[in-house]
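Each chain, letter by letter, is given below.
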Amino acid sequence: MTIGITWLGHATVLLDLPGFRLLTDPFLRDRLGPLRRHGPIPRPGAIGPVGFVAISHAHPDHFDRASLRAVPGDPLVVVPRGLGGAVRRAGLRAREVVVGETVSLAPSWTITAVPARHWRWPGAPRAAAIGYLIEGPGRSGIYFAGDTGPYRAMRDFADRVDVALLPVGSWGPHVSPGHLTPRTAAEVARDLAPRLVVPIHWGTLYPPRFERVFGARLTEPAARFADWTDRLAPTVEVRTLQPGDRTRIEL
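If you're wondering where the values come from, they're calculated on a predicted model, not measured in any experiment. (Residues numbered from 1 in each chain as written. Predicted model: local features only at pLDDT ≥ 70, side-chain atom pairs only at ≥ 80, totals over all residues. Heavy atoms only, no water.)

(A) Examining the overall build of the protein more closely. Across its full length, the protein holds 6 helices and 17 strands. Its C-alpha atoms give the protein a radius of gyration of 17 Å, within 12% of the compact-globule value 18 Å for 251 residues. Reported as C-alpha extents along the three principal axes, the dimensions of the protein are approximately 40 × 40 × 35 Å. Taking all 251 residues of the protein together, the buried fraction comes to 57%. Of the contacts made within the protein by residues no fewer than 6 positions apart, 61% connect residues no fewer than 24 positions apart. Positive and negative charge centroids in the protein, built from 31 and 22 side chains respectively, lie 6 Å apart. (Helix = DSSP H or I, 4+ residues; strand = E, 2+ residues; numbered from the N terminus. Rg over C-alpha atoms; globule rule 2.2 N^0.38 Å. Buried < 20%, exposed > 50% of the residue type's maximum accessible area, 1.4 Å probe, protein only. Contact = heavy atoms within 4.5 Å. Lys, Arg positive; Asp, Glu negative; His and termini not counted. Charge placed at Lys NZ, Arg CZ, Asp CG, Glu CD.)

See the structure below:
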């Protein structure tokens, strides 16, 4: 069984899975407030129809209504409890979930909400941040962490993860609490021991002109993560993509 993984930038990943397609935290615009996008702007027409969208939390770089409305097709949007109304007001179908709840996606495929350690958005205080495990036949789990700091309970689903989409940076020169750094993301890779990790949440959104002074914080997190993973989890493959790049893996 082969799956396709396309990183569109930030936390937006398109998964081509057997019989359906799923998009994570779609952010498809060129800017967000004072932040500017680096790399290509995803074109909805090039993405093609999507059956499901998974939203990790309510922060506007992960839950963007304009981007949601632009997603092609008629996707079911899986969201943390408390965000369903906002999705429906945007004209889309919603399914709210809490940690531990599972939704069927296709024959033999499910998505399960898992914990995340990340602060809530004041505009949606009831909606807790979550991650997702997308699971198919056999050991074919894909972990989308969304936005999170490290937490011990991650180890509880280590034997269910074959591919991990791990955030390794932030939208600015400093990584705030509730995020993984390149090193802590490598520690998560060590604890989960997936076959493959694709680093996300780096190199995309950044304050204008900051790249002239703090350019390394924009461009280097994935390389630093790969270096730390090589030291801490040498059996884990790191596959670094640039925004818009696509890769395949046989599960």
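Moving on, there is more to tell.
(B) Layout of the pattern of salt bridges. If you walk through the whole model with that rule in mind, you get 13 salt bridges. Linking Asp30 and Arg31 is a salt bridge whose minimum nitrogen-to-oxygen distance equals 3.6 Å. Accessibility expressed as a relative area gives 34% for Asp30, which makes it partly exposed. A salt bridge links Asp162 to Arg195; its shortest N-O distance comes to 3.3 Å. Taken together, the residues Asp162 in the loop between β12 (142–144) and β13 (163–167) and Arg195 in the loop between α4 (182–192) and β14 (196–200) connect sequence positions 33 residues apart. (Salt bridge = Lys/Arg side-chain N within 4 Å of Asp/Glu carboxyl O.)

(C) Structural context of the side chain of His57. Relative to the helices and strands, His57 is located in the loop between β6 (52–54) and α2 (65–70). Look at His57 and you get buried, because its relative accessible area is 1%. A polar contact is formed between the side chain of His57 and the side chain of Ser56, at a distance of 2.8 Å. What His57 contacts, discounting residues up to four positions off in sequence, is His62, Phe63, Pro80, Leu83, His118, Ala129 and Asp147. (Polar contact = N/O pair within 3.5 Å; in protein donor to acceptor, adjacent residues only side chain to side chain.)

(D) Inspection of unusual backbone geometry at higher detail. The phi dihedral of Asp25 is positive, around 35°, even though this residue is not glycine. Secondary-structure assignment places Asp25 in the loop between β3 (20–24) and β4 (31–32). Of the residues examined, Asp25 reaches a relative accessible area of 0% and is grouped as buried. For Ala193, which is not glycine, the phi torsion reads 50° and is therefore positive. Residue Ala193 is classed as partly exposed on the basis of its relative accessible area, which comes to 43%.

(E) Representation of the packing of aromatic side chains. This structure, assessed with the given rule, holds 4 aromatic pairs. When the ring of Trp7 is compared with that of Trp202, the centres are 5.4 Å apart and the planes differ by 20°; the resulting orientation is stacked. Of this pair, Trp7 sits in strand β1 (residues 2–9) while Trp202 is found in the loop between β14 and β15 (205–206), placing the two residues 195 residues apart along the sequence. Look at Trp7 and you get buried, because its relative accessible area is 0%. Residue classification places Trp202 among the buried residues on the basis of a relative accessible area of 6%. Aromatic ring contacts, followed pair by pair, group Phe20, Phe52 and Trp109 into a single cluster. (Phe/Tyr/Trp six-rings, centres within 6.5 Å; stacked < 30°, edge-to-face > 60°.)

(F) Geometry of helix α6 (residues 221–232). Helix length check: α6, at 12 residues, gives a terminal C-alpha distance of 16 Å against a target of 16 Å (1.5 Å per residue), a fit within 8%. Every buried residue of α6 is listed here: Pro221, Ala222, Phe225, Trp228 and Thr229. Buried positions in α6, seen along its axis, are confined to an arc of 125° and lie on one side of it. Those residues of α6 that are exposed and aimed more than 90 degrees away from the buried face are Ala223, Asp230 and Arg231. (Expected span 1.5 Å × (residues − 1). Arc of directions from axis to C-beta.)

Nothing here speaks to function; it is geometry throughout.
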